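What follows is each chain in one-letter form.
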Amino acid sequence: WDPSRTVLASCSDDCTARLWRTSQASPVHVLADHRMDVYTVRWSPVESRSGSHWLATGSADTTVRLWDAETGRCVRTLAKHTQGVYSVAFSPDGDYLATGSMDASVHVWSLREGIVVRSFHGGPGGIVDLAWSPEGRSLAAASAQAVCVFDFVDAAQSSSAPSLM
């Protein structure tokens, strides 16, 4: 559900994500720019500058796409992973997007600039889930064998590796 709790997002192996309102039988938007299965969807916790919420989708095609939920238009494509993207997570303030892939990497993107501001290896196996701490200082990345906790605030000033838990 989006933050207003009025629109539901779904993803599918038909290379699409869809936006739904419970009052309608057909989708509000079909988001169809991915070339392979869409594995994950996640809503931005804050509105974009245009006043709409963004939806992030991660796909087997190795890309993450950001969509304007109001228009259904892809506003940005993020491409740095070498294998499918299984997890995406917006920072609590909506300024950053973390992406996790089967290539075992995590990239943190500045959404204002559209660039990777930090990357790290998330431990053995692919990254299947990501979660920011409520204040946005830390990022947890889960694989099949480990959970890595990355101190994001200190990362801007340090090159230390994430801790394995």
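Scroll up a little and you will see the structure.
Quick look at the structure, then. (Residues numbered from 1 in each chain as written. Predicted model: local features only at pLDDT ≥ 70, side-chain atom pairs only at ≥ 80, totals over all residues. Heavy atoms only, no water.)

Another aspect to go through is the overall build of the protein chain. Across its full length, the protein chain carries one helix and 15 strands. Taking 2.2 N^0.38 as the reference for a compact globule, 165 residues should give roughly 15 Å; the C-alpha atoms of the protein chain span a radius of gyration of 15 Å, in line with that estimate. Each principal axis of the C-alpha distribution contributes one length, and for the protein chain these read about 50 × 30 × 25 Å. Partitioning the intrachain contacts of the protein chain with sequence separation of at least 6 by distance along the chain shows that 36% fall at a separation of at least 24. In the structure as shown, the protein chain presents an accessible area of about 8100 Å², 50% of it carried by carbon and sulfur atoms. The average position of the 13 basic charges and that of the 17 acidic charges among the side chains of the protein chain differ by 3 Å. (Helix = DSSP H or I, 4+ residues; strand = E, 2+ residues; numbered from the N terminus. Rg over C-alpha atoms; globule rule 2.2 N^0.38 Å. Contact = heavy atoms within 4.5 Å. Areas by Shrake-Rupley, 256 points an atom, 1.4 Å probe, with all protein chains shown as cover. Lys, Arg positive; Asp, Glu negative; His and termini not counted. Charge placed at Lys NZ, Arg CZ, Asp CG, Glu CD.)

Tallied over the full model, the rule gives three salt bridges. Where Asp-129 meets Arg-42, a salt bridge forms, and the shortest distance between an N and an O atom there is 3.9 Å. With Asp-129 in strand 12 (residues 129-132) and Arg-42 in strand 4 (residues 38-47), the pair connects residues that are 87 residues apart, well separated along the chain. The class for Arg-42 is partly exposed, based on a relative accessible area of 29%. The salt bridge involving Asp-95 is made with Arg-112; its shortest N-O contact spans 3.1 Å. Separated by 17 residues along the polypeptide, Asp-95 in the loop between strand 8 (85-90) and strand 9 (96-101) and Arg-112 in the loop between strand 10 (105-110) and strand 11 (115-121) bring together distant segments of the chain. (Salt bridge = Lys/Arg side-chain N within 4 Å of Asp/Glu carboxyl O. Buried < 20%, exposed > 50% of the residue type's maximum accessible area, 1.4 Å probe, protein only.)

Let us look at the sheet that holds strand 5 (residues 53-59). Pairing is antiparallel across the open sheet formed by four strands, whose spatial order is 4-5-6-7. At either end of the open sheet lies a strand with only one pairing partner, and these are strand 4 and strand 7 (73-79). Each adjacent strand pair in this sheet contributes to an overall mean axis angle of 20°, direction not counted. Taken together, the six bridges between strand 4 and strand 5 define a ladder with antiparallel strand orientation. By the bridge assignment, Glu-47 is partnered in strand 5 with His-53. (Pairing = 2+ DSSP bridges. Axes fitted to C-alpha atoms, helices over the stretch in contact; angles between N-to-C directions.)

What follows is about unusual backbone geometry. With a phi angle near 65°, Arg-5 is a residue other than glycine that sits in the positive phi range. One non-glycine residue with positive phi stands out, namely Thr-62, at about 80°.

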